Amino acid sequence: MTSKHGFQSALVLFSGGQDSTTCLAQALEQFERGETVGFDYGQRHRVELEARQTVLAALRERFPAWAAKLGEDHRIDLAVLGEISDCALTRDTAFAFEASGLPNSFVPGRNLIFLTLAAALAYRRGAQALVTGVCETDFSGYPDCRDDTMKAMQVALSLGLDRRLRIDTPLMWLDKAETWALAHRLGAAHEARLGRDAAAGGAALVELIVEHTHTCYRGERSARHDWGYGCGECPACVLRARGWQAWRAGCGRSADV
């Protein structure tokens, strides 16, 4: 299968969280081949680096059509980013808002650096698209998650590499409830293509995300909620939990599932 944009391979920026796992599933539905890349930047929630491998193994085991397309996983050491950042994701400090109006969980330049390095890797690996789970519908206000930023980066990277490179942002205009709904649809589509129970496939991908992905900024994995593991209080947990509750209630724009 070739994506609607004519590209055959993608490199997915994959953290091991809900959003990037959903993006990976969509990429494996759309592209002939998908590889993954993660970044170790000294984040407090380093457990997400372990979650990445758990999620990849679970996807390969449960979804064979995707497993056949899932290629190499890459991990890039970005310790320098943690060293120059002074924020709640790289320091043991309480979450709060700065005078600028941005939350102190904002890591300046993080997504710009991620995309630049991912583009260099995509160049070497022959991938024509980068897939990232950034979003400006349900998000914490990070400027490097906005659609304008992604469009500017796409132009800059394509010019700088002298090669057309697309940045796909499947979640850009979705709220978290719709992200849960999208995961359900993707799991169902996988099973339907194999002539199996679509509803079971949708439930299986949702359960995989609940059980294995990690979102909590505090790295909490001891408390299990309906929506997954986390402290339940940090900004990432609040967004994830709120989206889960809205999706399960069939509210808003996600009521199509």
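In this text the structure is predicted, and so the values were computed from the model without any measurement. (Residues numbered from 1 in each chain as written. Predicted model: local features only at pLDDT ≥ 70, side-chain atom pairs only at ≥ 80, totals over all residues. Heavy atoms only, no water.)

1. A look at the packing of aromatic side chains
For the record, the criterion: Ring pairs are drawn from Phe, Tyr and Trp, using the six-membered ring of Trp, whenever the two centres fall within 6.5 Å, and their geometry is named by plane angle: stacked under 30 degrees, edge-to-face over 60, tilted for the rest. Under the scheme used here, helices are H or I runs from DSSP no shorter than 4 residues and strands are E runs no shorter than 2 residues, and both carry numbers assigned from the N terminus. Classification of residues uses two cut-offs on accessible area relative to the type maximum, computed with a 1.4 Å probe and protein chains only: under 20% is buried, over 50% is exposed, and between them is partly exposed.
For the coordinates displayed, the defined rule picks out six aromatic pairs. Residues Trp180 and Trp244 carry aromatic rings whose centres are separated by 4.9 Å and whose planes lie at 75° to one another, so their mutual orientation is edge-to-face. Separated by 64 residues along the polypeptide, Trp180 in helix α7 (residues 176-193) and Trp244 in helix α9 (residues 235-249) bring together distant segments of the chain. A single burial state applies to Trp180 and to Trp244, both of which are buried. Seen from their ring centres, Trp180 and Trp247 are 6.4 Å apart, and the 15° between their planes marks the pair as stacked. Separated by 67 residues along the polypeptide, Trp180 in helix α7 and Trp247 in helix α9 bring together distant segments of the chain. Judged by relative accessible area, Trp180 falls into the buried class, the value being 0%. Take Trp247: its relative accessible area is 7%, and that puts it in the buried class.

2. A short note on the confidence of the model for the chain
Defined as follows: Every residue carries a pLDDT, the predictor's confidence in it, which falls somewhere between 0 and 100. Any two residues whose heavy atoms approach within 4.5 Å at even a single point are treated as in contact.
On average, residues of the chain score 87 in pLDDT, and 83% of them reach the 70 mark or higher. Confidence over residues 252-257 falls short of pLDDT 50; this stretch has 16 contacts with residues more than four positions distant or in other chains.

3. Focus on the pairing of strand β1 (residues 9-13)
For the record, the criterion: Two strands make a pair as long as DSSP finds a minimum of two bridges between them.
Taking burial as the measure, the five residues of β1 include five buried ones, the bulk of the element. The two faces of β1 match: Ser9, Leu11 and Leu13 on one face and Ala10 and Val12 on the other face are all buried. Two strands pair when backbone bridges link them, and β1 and strand β4 (residues 129-131) are joined in this way by three bridges, in the parallel orientation. The partner of Val12 across the bridge, within β4, is Val131.

4. Looking at the packing of helix α8 (residues 198-212) against α9
The following threshold applies: Comment: axis = line fitted to C-alpha atoms, over the contacting stretch for helices; angle = value between 0 and 180 degrees taken between N-to-C directions. Note that the term roughly parallel is reserved for angles under 35 degrees, roughly antiparallel for angles over 145, roughly perpendicular for angles of 65 to 115, and oblique for everything else. Note on convention: the crossing is left-handed when the near helix lies turned anticlockwise from the far helix by less than a right angle, right-handed when the turn is clockwise. Here the term charged refers only to Asp, Glu, Lys and Arg, the term nonpolar to Ala, Val, Leu, Ile, Met, Phe, Trp, Tyr, Cys and Pro, and the term polar to all other amino acids, Gly among them.
Closest axis-to-axis distance for the α8/α9 pair is 13 Å, and the angle between their directions is 155°. Compared by their axis directions, α8 and α9 come out roughly antiparallel. In this structure, α8 meets α9 at a crossing whose hand is left-handed. Of the residues in α9, those touching α8 at Val206, Ile209 and Val210 are Arg240, Trp244 and Trp247. Of the residues that constitute the contact of α8 with α9, the class distribution is five nonpolar, no polar and one charged.

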